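# Overview (structure and organization)
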Amino acid sequence: MRFPAATDRAVTEEARRTRRSKGAVVAALTEEALRCRRFPGIAFRGDDARRRPWVIGSGLDIWEIAQMLDEFGSVEALVADTHLTEHQIRIAQAYRTSNPEEISEAIAENTRSAGASAGLYPFVQGPQA
């Protein structure tokens, strides 16, 4: 695949910066772009290793909205008690439906108990009493 010179330089620099192949960089950028087109109103943020989707204008990752929706029980209740719009919640729902494992893993990581986290990360200490 050939790119315009400026695009090729940008991809080459991104590959160097992230220590990945140009092909891996192009694949990751393409995947994100396709998801943004498929779900208008989302974007991606985070470091290279843990890019995560979020709903533009909400400040929240999709997994956070999904978890809140589970807790509130309905779109209407979530709209009534938060700053989220119905449109933002529906985008998060649609993304979750399309990518259930990704969102379930993020929710599970967030709800991991302190004991489980300590087992995974024994070198991290909690607040001192």
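An account of the accompanying structure is given in this report. (Residues numbered from 1 in each chain as written. Predicted model: local features only at pLDDT ≥ 70, side-chain atom pairs only at ≥ 80, totals over all residues. Heavy atoms only, no water.)

The sheet built from three strands is open, its strands ordered E1-E2-E3 with antiparallel pairing. The sheet is open, and its two edges are formed by strand E1 (42-45) and strand E3 (60-61), each paired on a single side. Bridge analysis of E1 against strand E2 (residues 52-55) gives four bridges, and the strand direction is antiparallel. Each bridged residue has a counterpart across the sheet, and for arginine 45 the counterpart in E2 is arginine 52. (Pairing = 2+ DSSP bridges. Helix = DSSP H or I, 4+ residues; strand = E, 2+ residues; numbered from the N terminus.)

What follows deals with the packing of helix H3 (residues 62-72) against helix H5 (residues 86-98). Two numbers describe how H3 lies on H5: the axes approach to 9 Å, and their chain directions differ by 100 degrees. In terms of orientation, H3 and H5 fall into the roughly perpendicular class. When H3 is examined against H5, the residues Ile62, Ile65, Ala66, Leu69 and Asp70 are found in contact with a partner set consisting of Ile89, Ala92, Gln93, Tyr95 and Arg96. Across the contact of H3 with H5, the residue classes tally to seven nonpolar, one polar and two charged. (Axes fitted to C-alpha atoms, helices over the stretch in contact; angles between N-to-C directions. Parallel < 35°, antiparallel > 145°, perpendicular 65-115°, else oblique. Contact = heavy atoms within 4.5 Å. Nonpolar A, V, L, I, M, F, W, Y, C, P; charged D, E, K, R; others polar.)

What follows covers the packing of H3 against helix H6 (residues 100-110). One way to put it is that H3 packs onto H6 with a least axis distance of 9 Å and a crossing angle of 75 degrees. With respect to each other, H3 and H6 are oriented roughly perpendicular. Counted together, Ile62, Trp63, Ala66, Gln67 and Asp70 of H3 and Ile103, Ala106, Ile107 and Asn110 of H6 form the full contact between these two elements. Its residues placed into classes, the contact of H3 with H6 shows six nonpolar, two polar and one charged.

What follows deals with H5. Along its 13 residues, H5 runs 18 Å from first to last C-alpha, staying within 8% of the 18 Å computed at 1.5 Å per residue. In the core, the buried residues of H5 are packed alongside helix H2 (22-38), E1, E2, H3, helix H4 (75-81) and H6. (Expected span 1.5 Å × (residues − 1).)

Take serine 58: it is sitting in the loop between E2 and E3. Here the alpha-carbon distance between serine 58 and histidine 83, two residues 25 residues apart in the chain, equals 7.7 Å. Ignoring sequence-local partners within four residues, the contact set of serine 58 consists of Ile65, His83, Leu84 and Gln88. A distance of 2.7 Å separates a polar side-chain atom of serine 58 from the backbone oxygen of valine 55. (Polar contact = N/O pair within 3.5 Å; in protein donor to acceptor, adjacent residues only side chain to side chain.)

Let us look at the pattern of salt bridges. Applying the stated rule across the entire model yields twelve salt bridges. Linking glutamate 31 and arginine 35 is a salt bridge whose minimum nitrogen-to-oxygen distance equals 2.6 Å. A residue pair is termed a helical-turn pair when its members lie 3 or 4 positions apart in one helix, as glutamate 31 and arginine 35 do in helix H2 at four residues. Glutamate 31 gets classed as partly exposed once you look at its relative accessible area, which sits at 37%. The salt bridge partner of arginine 90 is glutamate 86, with a shortest N-O separation of 3.3 Å. On the criterion of helical spacing, the pair formed by arginine 90 and glutamate 86 is a turn pair, its members being four residues apart in helix H5. Its relative accessible area of 37% is what places arginine 90 among the partly exposed residues. (Salt bridge = Lys/Arg side-chain N within 4 Å of Asp/Glu carboxyl O. Buried < 20%, exposed > 50% of the residue type's maximum accessible area, 1.4 Å probe, protein only.)

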